[in-house]
Amino acid sequence: MIINHPLLGPRDAAEFTYLGDATLINRPDWQAEDAAGKFHEYLYLRDNPAGEHRELWFHEQGDRSWLVVTRNTLTHEITKVELARDVALAAGRDK
Amino acid sequence: MSHYSIFSLARNALSRHENWSEAWRNPEPRAEYDVIIIGAGGHGLGAAYYLAKEHGITNVAVLEKGYLGGGNTGRNTTIVRSNYLLEGNAHFYEHSMKLWEGLSRDINYNVMFSQRGVLNLAHTDAQIDAFQRRGNAMRLNGIDAEFLSVEEIAARVPLLDCSPQTRFPIRGGLLQPRGGTARHDAVAWGYARAADTRGVDIIQNCEVTGIDVNGGRVNGVQTTRGAIRAAKIGIAVAGHSSQVAAMAGLRLPIESHVLQAMVSEPLKPCLDTVVTSGAAHLYVSQSDKGELVYGGDLDFYNSYAQRGNMPRVEEVAAALLSLFPAFSRVRMMRTWGGVMDMTMDGSPIIGKTPIDGLYLNGGWCYGGFKATPASGFCYAHLIAKDEPHPTATEYRLDRFLRGAMIDEKGMGAQPNLH
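Quick caveat, the model's predicted, so the values are computed rather than measured.

About the cut-offs
- Residues numbered from 1 in each chain as written.
- Chains lettered and ligands numbered in written order.
- Predicted model: local features only at pLDDT ≥ 70, side-chain atom pairs only at ≥ 80, totals over all residues.
- Helix = DSSP H or I, 4+ residues; strand = E, 2+ residues; numbered from the N terminus.
- Buried ≥ 20, exposed ≤ 12 C-beta atoms within 10 Å, placed from the backbone.
- Contact = placed C-beta atoms within 7 Å.
- Pairing = 2+ DSSP bridges.
- Axes fitted to C-alpha atoms, helices over the stretch in contact; angles between N-to-C directions.
- Core = buried A, V, L, I, M, F, W, Y, C linked by C-beta atoms within 7 Å.
- Nonpolar A, V, L, I, M, F, W, Y, C, P; charged D, E, K, R; others polar.

Visitor: How should the overall build of chain A be read in this particular structure?
Guide: Within chain A one finds two helices and six strands. Counted from the first residue to the last, chain A has its helices and strands arranged as β-β-β-α-β-β-β-α. Taking the principal axes of its C-alpha atoms as reference, chain A extends roughly 45 × 30 × 20 Å. By the burial criterion, 18% of the 95 residues in chain A qualify as buried. A separation threshold of at least 6 residues defines the contact pool for chain A, and within that pool the share at least 24 residues apart is 47%.

Now the structure itself:
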């Protein structure tokens, strides 16, 4: 599998490690009233789709950047690769 | 259905084996059942069998989208063991081991259960400590375990490279003598035949496309062969649990990953036990046909493709050769992949869901095959009595909310590392 890194170009997937669903970027507010329930969902529950999946990959054997890869879990076809930083900033996070 | 025995074999031999009756019927689905099990793999068929046998519930349908035993039941590496450390797991898997020991007789079908031993290799001081602790815990729970020295391992598995020069020098190992292998297809076929004999309808080529929930209760399923009503519905589709549960609006603590396995060309008998190594990421045994059956890690990313990628095949083959240099000239015959439900703590789920009458059996990670008999047994108990079997109480779905994880490897909520 080849991941088309936004900064480095096409890289072999073997250079990366995998974390999981990209919703892990959106850590809940630990001070909120419903924090316990929100953290249960955040930590443990997954959509686990058969089809398009946005997921976090870490370029461990490369530039050590986090990427959000959009990949089809039925075909392994990758349709989009973004820097996780850009995704987080676009979602309104400050870093 | 005729009883299989030496006499039925002799009788059918006289007519050149042309008059064997079919092993199970192929019925049309009825409009309503007492219980519907979704998924005719080992676990679903086992549950149907024990529902009929232990609880007298025979108005049961097992729905299968493809053919019987065509999923993970026919894709695993057939290893059976009960060498677990934690309380929540140990009694369940030992229950399973005891059922395995009487299974062929119980279901009148030879599942070729072979207690050839399962040997976990230790390569470091830390592993020796961990395995001795595990072995002690097993013995305290009444499960057999022996810690072997390198010399004992070398005598027992002569082809294993026990020299200090190897990539992962072997320092010792934990043996479960009662562990071994079984014929995976036969487990599905045997349970199917035994359940069918007791009146269970096994309906193949019948994919569930929807689960009908009304006022917090299930009352049936939509399928490619029409709607079927039932007040109790059990999901047993590990690998695709998230998809089926989503039909009832549930999100599960599960990711689906692909695990590859492979077999070599057949060899004469050369390996009479199951050898596993956590450090080398390998498990290997020799089938009755003579093929080496082996596998290693997941491909590590979410996948529903029932195939893997070559880098993992290469790593597993390299691990095999580092432990068994003698296999370097053996040709690989084929590889395949199966889709695993990987849970957030590496342990399975057998429990109620928030929807009345809907039950979940899934999350089997790497280890569903060995659990098949107890999984079926405990699932039948849960469905019949609406309360968990004593050996499966810790497998409830709500354990993630309660913080009562059963994390054998201590990896945390990272499914691909379990």
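Visitor: Is there a simple way to explain the sheet that holds strand β13 (residues 254–266) of chain B in this structure?
Guide: Note on sheets: strands pair through backbone hydrogen bonds, and any given pair is parallel or antiparallel. Residues and elements named next belong to chain B. Strands sit in the order β5-β6-β4-β14-β15-β16-β13-β17 across an open sheet of eight strands; the sheet is mixed. Looking along the sheet, the strands with just one partner apiece sit at the ends: β5 (146–148) and β17 (332–343). When strand polarity is set aside, the average angle formed by the axes of neighbouring strands in this sheet is 25°. Sheet topology note: the strand β4 (residues 118–122)/strand β14 (residues 274–277) ladder contains four bridges and is parallel. Bridge pairing in β14 links L119 to V275.

Visitor: So what exactly am I meant to see when it comes to the nonpolar core here?
Guide: Soluble globular proteins: nonpolar side chains tend toward being buried together. Counting residues in each nonpolar core, the largest one holds 121 residues, and the members touching the most others are B:I36, B:A48, B:V60 and B:V62. The element that contributes the greatest number of residues to this core is helix α9 (residues 368–385) of chain B, accounting for nine residues. Discounting chain neighbours no more than four positions away, the residues touching B:A48 are B:I37, B:V60, B:V62, B:A195 and B:V200. Residues A:I3, A:A22, A:W57 and A:L67 belong to the second largest nonpolar core, which totals nine residues.

Visitor: Hey, could you run me through the interface of chain B and chain A in this one?
Guide: Often the size quoted for an interface is simply the accessible area lost on bringing the parts together. Facing 21 residues of chain B, the contacting portion of chain A comprises 18 residues. Residue assignment for the side of chain B that touches chain A shows that the elements contributing at least two residues are α7 (241–246), β13, β16 (291–302) and α10 (399–402) of chain B. Each residue belonging to the side of chain B that touches chain A can be placed in one class, and the counts come to 12 nonpolar, seven polar and two charged.

Visitor: Is there a simple way to explain the pairing of strand β2 (residues 9–12) of chain A in this structure?
Guide: The side chains of a regular strand alternate, first on one face of the sheet and then on the other. All names here are of chain A. Summarising the sheet, strand β1 (residues 2–5) and β2 pair through four bridges and their orientation is antiparallel. If you follow I3 over to β2, its bridge partner there is R11. Between β1 and β2, which pair antiparallel and follow one another directly, the connecting turn spans three residues.

Visitor: Help me understand the sheet that holds strand β19 (residues 358–362) of chain B in this model?
Guide: Residue and element names in this part refer to chain B. The six strands are arranged β8-β2-β1-β12-β19-β18 in an open sheet whose pairing can be described as mixed. Across the chains shown, the open sheet's two edge strands, defined by having one partner strand only, are β8 (201–203) and β18 (349–352). The average angle at which neighbouring strand axes cross in this sheet is 15°, direction not considered. By the bridge criterion, four bridges tie strand β1 (residues 35–38) to strand β2 (residues 60–63) in an arrangement that is parallel. Among the inter-strand pairings, I37 is bridged to a residue of β2, identified as V62.

Visitor: Mind showing me how you'd approach helix α1 (residues 6–14) of chain B here?
Guide: In an α-helix, one full turn covers 3.6 residues, which means residues spaced three or four apart are oriented alike. Summarising burial for α1(B): zero of the nine residues are buried, a small minority. Just downstream of α1(B) lies B:R16, where phi reads positive at about 55°.

Visitor: Before we go on, may I ask you to explain unusual backbone geometry in this structure?
Guide: Most peptide bonds are trans, and most residues other than glycine sit at a negative phi. Residue and element names in this part refer to chain B. Of note, the phi angle at M112 is positive, near 55°, even though the residue is not glycine. Here M112 lies in the loop between α3 (87–107) and β4. Of note, the phi angle at C365 is positive, near 50°, even though the residue is not glycine. Its place among the elements puts C365 in the loop between β19 and α9. Here C365 falls in the buried class, since 22 other C-beta atoms lie within 10 Å of it.

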